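One-letter residues, chain by chain:
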Amino acid sequence: MIQTFLYKSENGNLYIYDNQQRLSLLIHPEFEKVYEKSTNADPYYMKKYTYLRDNGFFVKSKLPDFMPLEESMVKGNIIDTQQIVFETTDSCNLNCTYCALGKLYEGYDEKNGKKINTHYAINLIKYIFYLMPKNKNKKLFISFYGGEALLNINFIRRIVEVTKKLNAEKGMEIMYSMTTNATLIHKYIDFLVANKFRLLISLDGNEKNHSYRIFNRNNKNSFQKVIENIDMIQRDYPEYFYNYVNFNAVLHNRNSVKEIIEFIYTRYNIIPKIAELNMRDIKPDNKNILENMYHSKRISEAEYQKEASDLSSITHGELLSYKELIDFLKYSSINYYISNINSLLHTVEKQLPTSTCTPFSRKIFLTNRNKLLLCEKINYKYSMGKVNEKVEIDIQKITRQYNFYYDYLKKFCQTCYDYRFCGTCLFHLKNIDNVNTDEFVCENFCDLTTFKKKMNRIFSFLEKYPNDFSEILENVILA
């Protein structure tokens with residue numbers, strides 16, 4: 001049962017947190033004596049304790065009320081989806097050691113150089129455009145993914161052409177994006193610039209940092225070619241580079257947060273996204289290989305902060321601790337009601353279990369095998385439909401499947417202190433296919449001890465950077 005509790009920051013400051021009220025309070029150390037039923041507690045704080053108890057603190061919390069997914073929600077998501085992603089091809093000219101679609105992993109379809117079916121992809125676009133109403137304020141991303149997406153440039157050109165024609169009637173703001181290893185950009189940069197493609201370039205830092213990303217043909221580090229192409233864009237298309245280019249680095253045992261940031265920011269004045277190695281769907285025989293390559297982002301960030309780098313203030317907003325504070329203030333603090341004022345009218349708070357995206361709410365991902373997935377980060381066996389001569393999405397079946405998972409997961413969520421925003425996608429849970437068995441356990445379940453440690457982290461960070469509170473309130477919650 002979720003309960004009110006006390007916790008301390010690293011500075012020894014004492015706080016009380018009540019889940020029901022979404023309220024955190026700084027309290028006097030004497031209050032702890034009352035909380036622990038000490039016989040020599042100060043009468044003033046005894047009265048304070050009684051006041052809080054009479055107003056809902058320290059009582060049994062109501063169990064969270066989790067609602068089911070409804071078919072209407074899925075239908076609405078398809079109409080309002082934010083992004084359509086195409087797996088243009090499973091071919092790649094690199095052989096990155098840690099590639100999530102490489103030999104160390106399972107959970108994806110066989111890779112044999114297959115390109116996406118252009119006709120089927122166009123059918124999907126037409127299907128979605130037909131459903132979407134005219135809306136000049138609507139933003140829709142059309143994105144391309146691989147393999148290396150640029151190995152199927154003819155498909156990309158055709159999709160851009162078709163999308164522009166279809167959008168002439170709808171009037172939406174269409175934005176194109178692509179994930180690329182940047183080795184082929186020099187061939188197609190004019191097209192990418194003309195269509196304002198947002199590029200997410202894979203770059204792991206300096207030459208040593210980047211050494212897991214090798215060419216297929218000769219096993220040589222791709223660093224020099226990648227840097228040559230990036231430098232070309234920065235030199236020849238400076239405005240485009242500033243507005244449309246970003247970087248994604250994978251953290252591993254040959255780099256660090258410090259090395260990645262200092263190389264990319266110093267050279268290109270851009271703060272990169274940094275991702276940990278994918279530790280899901282690993283082939284059993286390869287577990288040791290990936291564990292040896294794995295480098296914790298939280299630990300690497302902590303090491304970087306200790307060095308007091310000149311770039312620390314610039315990269316502050318990208319820290320995991322900063323993002324954890326944002327999530328806490330958005331979902332688990334009283335500030336939640338600032339941007340969700342209607343919630344004050346309801347005595348019962350309803351939500352869906354876990355933080356799993358509802359089907360197609362954020363994106364629709366079409367693989368080169370004509371499968372529809374929620375995104376490119378989940379196992380291909382969790383297909384939500386397919387596309388051929390027509391788009392096949394069984395909304396009733398999808399809703400039923402989600403609710404099957406939810407019915408079993410909610411018993412964990414109801415007693416999880418982090419249920420409001422756990423960050424967990426159910427399709428990333430180990431053994432999710434056995435969710436209806438006694439053996440299933442949610443590995444991200446947050447009990448009282450775990451949540452106290454999290455609150456310690458959050459408020460220790462907030463005490464160190466008090467200005468973050470007003471910045472997040474103004475720029476995230478109020479926005």
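Below, the structure is looked at part by part. Residue positions are counted from 1 within each chain, in the order its sequence is given. In keeping with the predicted nature of the model, local features appear solely for residues at pLDDT of at least 70, side-chain atom pairs appear and are counted solely at 80 or more, and the whole-chain, interface and lining totals rest on all residues. With hydrogens and water stripped out, all remaining heavy atoms of the structure feed into the side-chain values.

**Structural notes on the overall build of the protein**
Here comes step 1: Comment: elements are numbered from the N terminus, with helices defined as DSSP H or I runs of at least four residues and strands as E runs of at least two. Across its full length, the protein carries 17 helices and 15 strands.
Here comes step 2: For the protein, whose C-alpha radius of gyration is 25 Å, the value lies close to the compact-globule estimate of 23 Å for 479 residues.
Here comes step 3: Dimensions of the protein, computed from C-alpha atoms along their principal axes, come out at roughly 80 × 55 × 50 Å.
Here comes step 4: Throughout, exposure labels follow a simple rule: accessible area from a 1.4 Å probe, protein chains only, divided by the maximum for the residue type, with under 20% read as buried, over 50% as exposed, and the rest as partly exposed. Expressed as a percentage of the 479 residues in the protein, the buried residues total 48%.
Here comes step 5: Between two residues, a contact is recorded if the distance between any of their heavy atoms is within 4.5 Å. Contacts spanning at least 24 positions in sequence make up 71% of the contacts within the protein whose residues lie at least 6 apart.
Here comes step 6: The protein chains shown are the only cover counted for residues, whose accessible areas, like all others here, come from Shrake-Rupley with a 1.4 Å probe. Within the structure as shown, the protein displays about 24300 Å² of accessible surface, and the carbon and sulfur contribution to it stands at 48%.
Here comes step 7: Note on charges: Lys and Arg go in the positive column, Asp and Glu in the negative column, and His and the chain ends are not counted at all. We put the charge of a Lys on NZ, of an Arg on CZ, of an Asp on CG and of a Glu on CD. Once the 65 positive and 56 negative side-chain charges of the protein are each reduced to a mean point, those two points are 4 Å apart. Restricting the calculation to C-alpha atoms gives the radius of gyration, and the globule rule supplies 2.2 Å times the number of residues raised to the power 0.38.

**Quick look at the sheet that holds strand β1 (residues 5-8)**
Across a sheet, strands are paired by hydrogen bonds formed along the backbone, either parallel or antiparallel in direction.
Here comes step 1: Strand order in the open sheet formed by three strands is β1-β2-β3, and the pairing between neighbours is antiparallel. Sheet topology places β1 and β3 (23-27) at the edges, where each strand pairs with a single neighbour. Pairs of neighbouring strands in the sheet enclose a mean axial angle of 30°, with direction left out of account.
Here comes step 2: Two strands pair if DSSP finds at least two bridges between them. For strand β2 (residues 14-18) and β3, the ladder comprises five bridges, and the chain directions are antiparallel. Within the sheet, the bridge partner assigned to Y15 lies in β3 and is L26. Only the stretch in contact is used when fitting a helix axis, every axis being a line fitted to C-alpha atoms; angles between N-to-C directions are given from 0 to 180 degrees.

**Looking at helix α13 (residues 320-332)**
Here comes step 1: One fewer than the residue count of a helix, multiplied by 1.5 Å, yields its expected span. If you check α13, its first and last C-alpha atoms are 17 Å apart, about what 13 residues at 1.5 Å a residue would give, namely 18 Å.
Here comes step 2: Taken residue by residue, α13 has S321, Y322, E324, L325, I326, F328, L329 and S332 as its buried positions.
Here comes step 3: Looking at the buried positions of α13, the neighbouring elements they touch are β2, β3, α11 (297-306), α14 (336-339), α16 (448-464) and α17 (467-477).

**Structural notes on the nonpolar core**
Here comes step 1: To define a nonpolar core, start from buried Ala, Val, Leu, Ile, Met, Phe, Trp, Tyr and Cys residues and group those joined through side-chain atoms within 4.5 Å. Counting residues in each nonpolar core, the largest one holds 92 residues, and the members touching the most others are F86, F144 and F197.
Here comes step 2: The residues contacting F86, other than those within four sequence positions of it, are I116, A121, L124, I125, I142, S143, F144, Y145, F155, I159, F365 and L366.
Here comes step 3: Formed by 26 residues, the second largest nonpolar core is a distinct cluster that contains L329, Y419, L462 and I472.

**Considerations on the packing of aromatic side chains**
One pair of aromatic rings is described through two measures. These are the centre distance and the angle between the planes.
Here comes step 1: When two rings of Phe, Tyr or Trp (its six-membered ring) have centres within 6.5 Å they constitute a pair, described as stacked for plane angles under 30 degrees, edge-to-face for angles over 60, and tilted for the intermediate range. Scanning all chains against the criterion turns up 40 aromatic pairs.
Here comes step 2: An angle of 65° between the planes, with centres 5.3 Å apart, marks the rings of F404 and Y408 as edge-to-face. On the criterion of helical spacing, the pair formed by F404 and Y408 is a turn pair, its members being four residues apart in helix α15 (residues 395-413).
Here comes step 3: Judged by relative accessible area, which is 31%, F404 ranks as partly exposed.
Here comes step 4: The class of Y408 is partly exposed, set by a relative accessible area of 30%.
Here comes step 5: Through a chain of ring-to-ring contacts, three or more aromatic side chains come together here, namely F5, Y7, Y15, Y17, F328, Y417, F451 and F459.
Here comes step 6: The aromatic ring of F191 is capped on one face by R157, whose charged end is 4.8 Å from the ring centroid. Should the NZ of a Lys or the CZ of an Arg lie within 6 Å of a ring centre and within 35 degrees of the ring normal, that charge is described as sitting over the ring.

**What about the layout of surface pockets?**
Here comes step 1: Of the grid points, spaced at 1 Å and generated over the protein atoms alone, those admitting a 1.4 Å probe that cannot get out make up cavities, while open sets with protein on both sides within 12 Å along at least five of seven lines make up pockets; any residue with an atom within 4 Å of a point is treated as lining. Grid points are joined across faces, edges and corners, and a volume is the space filled by probe spheres set on the points. Taken as a whole, the second largest pocket holds about 510 Å³ of empty space.
Here comes step 2: Q20, H346, T347, V348 and E349 are the residues nearest the centre of the second largest pocket, which is lined by 20 residues in total.
Here comes step 3: Mapped by element, the contributors of at least two residues to the lining of the second largest pocket are α14 and β11 (350-351).
Here comes step 4: Among the residues forming the lining of the second largest pocket, the class breakdown is seven nonpolar, seven polar and six charged. Under the scheme applied, nonpolar residues are Ala, Val, Leu, Ile, Met, Phe, Trp, Tyr, Cys and Pro; charged residues are Asp, Glu, Lys and Arg; polar residues are all the others, including Gly.

**Notes on the pattern of salt bridges**
Here comes step 1: A pair is scored as a salt bridge if a Lys or Arg side-chain nitrogen falls within 4 Å of a carboxyl oxygen belonging to Asp or Glu. For the structure on display, the rule yields 19 salt bridges.
Here comes step 2: Taking the shortest distance from any N to any O, the salt bridge between K111 and E87 comes out at 3.0 Å. Here K111, found in the loop between β5 (83-87) and α4 (118-131), pairs with E87, found in strand β5; they are 24 residues apart in sequence, far enough to count as distant.
Here comes step 3: The exposure class assigned to E87 is buried, which follows from its relative accessible area of 0%.
Here comes step 4: A salt bridge links R235 to D236, with the shortest nitrogen-to-oxygen separation between them at 3.0 Å.

**Re empty space enclosed by the protein**
Here comes step 1: Applying the stated criterion across every chain, the model contains two cavities of 30 Å³ or more.
Here comes step 2: Within this model, the largest cavity holds a volume of roughly 90 Å³.
Here comes step 3: Lining the largest cavity, in full, are T354, F412, C413, C416, D418, Y419, C422, T424, C442, N444 and F445.
Here comes step 4: Partitioned by chemical class, the residues of the lining of the largest cavity number seven nonpolar, three polar and one charged.
Here comes step 5: Each pocket or cavity is described by its volume, and for the second largest cavity that value is around 40 Å³.
Here comes step 6: In terms of lining residues, the second largest cavity is bounded by D327, F328, Y331, S332, D418, F421 and K454.
Here comes step 7: Residue contributions to the lining of the second largest cavity peak at four residues, all from α13.
Here comes step 8: For the lining of the second largest cavity, a count of residues per class yields three nonpolar, one polar and three charged.

What is shown is where atoms sit, not what they do.
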